[in-house]
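These are the residues of each chain, in order.
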Amino acid sequence: MKAAKHRPAKIEQAQPQSRLWVWALGGFALLAALAAYWPAVNGPFVFDDEYLPFRDPGFLESGIRSLSPTARPLMNLSFWLNLKFFGSEPFSYHVVNILLHFVNGGLVFLAIRKILEMAKVEESRRMPLAVFAAGVFLLHPVQAESVAYVAGRSESFSLVFFLSSFTLFLYKREGGIGWLPAMGVIALFGCAFLSKEHTAVLPALLLWTDWWFAEKRAWDAVRANWRLYAPMAAMSAAGVWVVWRVLMAANTAGFGMKNLTWYEYFYTQWRAVWVYLRLFVLPVGLNADYGFPISRTPLEHGSLVGLLALAALVGVAFHYRKRFPLAFYGLVVFLLLLAPTSSIVPIKDAVAERRLYLPFAGLLLVVCDFARGLTISRGSQLAAGGILLILGGLTHARAEVWSDPVRLWQDTIARSPGNSRAHFHLAMVYFEQQRYEEALKKFEDAAQTGQTEYTYTLLIDWGLTYDALGRTEKALEKFRAAAKIENTAHAHSLIGMCLAKLKEPGAALEELDRAIALDPGYDNGYTYRGNVYRMLNELERAEKDYRKALEINPNSEAARQNLEAVVRQRGASR
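Cut-offs used in this document
- Residues numbered from 1 in each chain as written.
- Predicted model: local features only at pLDDT ≥ 70, side-chain atom pairs only at ≥ 80, totals over all residues.
- Heavy atoms only, no water.
- Core = buried A, V, L, I, M, F, W, Y, C linked by side-chain atoms within 4.5 Å.
- Buried < 20%, exposed > 50% of the residue type's maximum accessible area, 1.4 Å probe, protein only.
- Helix = DSSP H or I, 4+ residues; strand = E, 2+ residues; numbered from the N terminus.
- Phe/Tyr/Trp six-rings, centres within 6.5 Å; stacked < 30°, edge-to-face > 60°.
- Lys NZ or Arg CZ within 6 Å of the ring centre and 35° of its normal.
- Axes fitted to C-alpha atoms, helices over the stretch in contact; angles between N-to-C directions.
- Parallel < 35°, antiparallel > 145°, perpendicular 65-115°, else oblique.
- Left-handed = near helix turned anticlockwise from the far one by under 90°.
- Contact = heavy atoms within 4.5 Å.
- Nonpolar A, V, L, I, M, F, W, Y, C, P; charged D, E, K, R; others polar.
- Salt bridge = Lys/Arg side-chain N within 4 Å of Asp/Glu carboxyl O.

Visitor: How do you make sense of the nonpolar core when you look at a structure like this?
Guide: Within soluble globular proteins, side chains that are nonpolar tend to cluster in buried spots. Among the nonpolar cores identified, the biggest contains 163 residues, and F166, L228 and Y329 are the most heavily contacted of them. Looking at this core, the element that brings in the most residues is helix α4 (residues 90–118), giving twelve residues.

Visitor: Would you mind showing me how to read the packing of aromatic side chains here?
Guide: Each aromatic ring pair is characterised by the separation of its centres together with the angle its planes make. Under the definition given, this model contains 28 aromatic pairs. Plain terms: the ring middles of F45 and F54 are 5.3 Å apart, the flat faces sit at 55° to each other, and that makes the pair tilted. When sorted by exposure, F45 lands in the same class as F54, which is buried. Each member of the aromatic cluster is reached from another via a ring pair, and the members are W208, W212, F213, F318, F328 and Y329. Across the ring face of F318, the terminal group of R321 is positioned such that the distance to the ring centre comes to 3.9 Å. We note K478 situated over the ring of W462; from NZ or CZ to the ring centre the distance is 3.7 Å.

Visitor: Sorry if this is basic, but what is going on with the packing of α4 against helix α15 (residues 360–371) here?
Guide: When two helices pack together, their arrangement is given by the angle between their axes and by how far apart the axes lie. Put simply, α4 and α15 touch, their axes get as near as 11 Å, and they point 45° apart. Taken together, the axes of α4 and α15 lie oblique to each other. For α4 against α15, the interelement crossing comes out right-handed. Listed contacts from α15 to V108, I112, I115 and L116 of α4 are L364, L365 and C368. Here the contact of α4 with α15 is built from residues that sort into seven nonpolar, no polar and no charged.

Visitor: What is the right way to read the pattern of salt bridges from this model?
Guide: Side chains that differ in sign of charge can pair as their charged atoms come close. Under the criterion given, the structure shown has 29 salt bridges. Two residues, R72 and E197, come together in a salt bridge whose shortest N-O distance is 3.1 Å. Within this pair, whereas R72 is found in the loop between α2 (59–62) and α3 (73–86), its partner E197 is found in the loop between α8 (179–193) and α9 (202–212), the two being separated by 125 residues in sequence. A relative accessible area of 16% means that E197 is categorised as buried. Of the charged contacts in the structure, one is a salt bridge between D349 and R421, with a shortest N-O distance of 2.4 Å. With D349 in the loop between α14 (325–338) and α15 and R421 in helix α18 (residues 420–432), this pair connects stretches of sequence that are 72 residues apart. We note that D349, like R421, is buried.

Visitor: What should I look at first to understand the environment of M257 in this one?
Guide: Relative to the assigned elements, M257 resides in the loop between α11 (226–249) and α12 (262–281). By relative accessible area, M257 is classed as buried at 15%. Remark: the alpha-carbon pair of M257 and V345, spanning 88 residues in sequence, is separated by 9.9 Å.

Visitor: Sorry if this is basic, but what is going on with unusual backbone geometry here?
Guide: Across the chain, the bulk of peptide bonds are trans and the bulk of non-glycine residues have phi less than zero. One non-glycine residue, F47, lies in positive phi territory at about 55°. Despite not being glycine, H301 has its phi angle at roughly 60°, a positive value. With respect to the secondary-structure elements, H301 resides in the loop between α12 and α13 (303–319).

Spelled out as structure tokens, the structure:
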């Protein structure tokens, strides 16, 4: 009787101790994530960060109404809230990214712990394996691009909903999912899809999970969850329509891309998959912009070898699926979740480290299957801790690279010397830092790579650098070369600006009239023409052009300041 009374007391004491342990582990994980990625927190916006919607001066005022339902509205809403409550400085955007990554680490822990249970892994091993897997997810240096790079939020933000949906499914699927949890899975899936389109692969993951972990017949497990799959099928049909619209409208991805067909991209991905596998196993040589060469045929750059090796890997995994069931399941998960960005849908950049963020958990399951046979001892625990410490150190070093745009692009050039875009972006960083002579050298290096993708933009910015140095004739030469490539209002406006500085007002007006004819909505054309009229002392015409420029772009400081000066001039002359 005494023993029977004593046991419940022990259980009651163990529960708060267990909860305390979980909170302590979570707190330690948060501190580890903050420490690993902290160097990037004070870094500026880099690369494509400048093209994110919150960099638009009118984004905050336009409000939630401006969020397009087909352009990742939930992710852009996160940027809008970030801007509204914390302002436009990079610090808060970086901190939010780290917190999102931490949340995903927790979800990875919950999902993998449940999958280990479904795979009949010994109960004593589930917790250590899940903790280690979540730690690798949090601290692996390949994740730096998704966390330290503000534009990488599309990965971490969408994965919060993706993993939440998947985890809810895992914990509620047995015996047939009920209506309420089914609606929860679907709602979270919808949020994931409205954050980034590649999460549309979730229904396939759910089906594969039901199929693989079925207790008896696979079809019975799928049919038991009809409450989930029936409405999800209808939702997926709508999702296909949205994705198709996005792919047809985008200029950096989709089937309408110039100079990159779906089959050429497919050939290229046979090699790219091995880059991702190598980065997971050996995370060295990380690169912000790989400039990965395209395989125009199955034989170019050894693509066919990559395909045959991948087929062999899947074949071996299938052969040993009964011995290593979790590894086979994880490999399929990895390939399945990688498919949206690494199959037949062309994307401008053939390889990007952030694309490993979604399928990363699949590879963690492979690791768990091989590690489940290891003896849990002090030595193995120290080894696991050592691995996490090394990964954290490498991530900290990588975050330091992402914190400094000069260092980021110098590092990229060191790894990809022939990458025109890397030279171009380093030139632009030098330009923004007013290091104009160094910028000129990098623009020249970019031009000498022989790549023509950025020729027009390169010539424009090259010319602006010469203009900043007061070398107007050289600037004019670059602007005219740019206009021959693309006959734009921008190029002709800059030509007109240079001609005015060279005291050729007649020729300048001709160029500016041409610019306005090409694009009557281009405000700088009116501003530059107003400057020429002001130089000719035709103040009434100058005032009219400045007012037109402000009508088009109320945020134009150049037009506003010149208008105020002209108004003062006209008032003084009366």
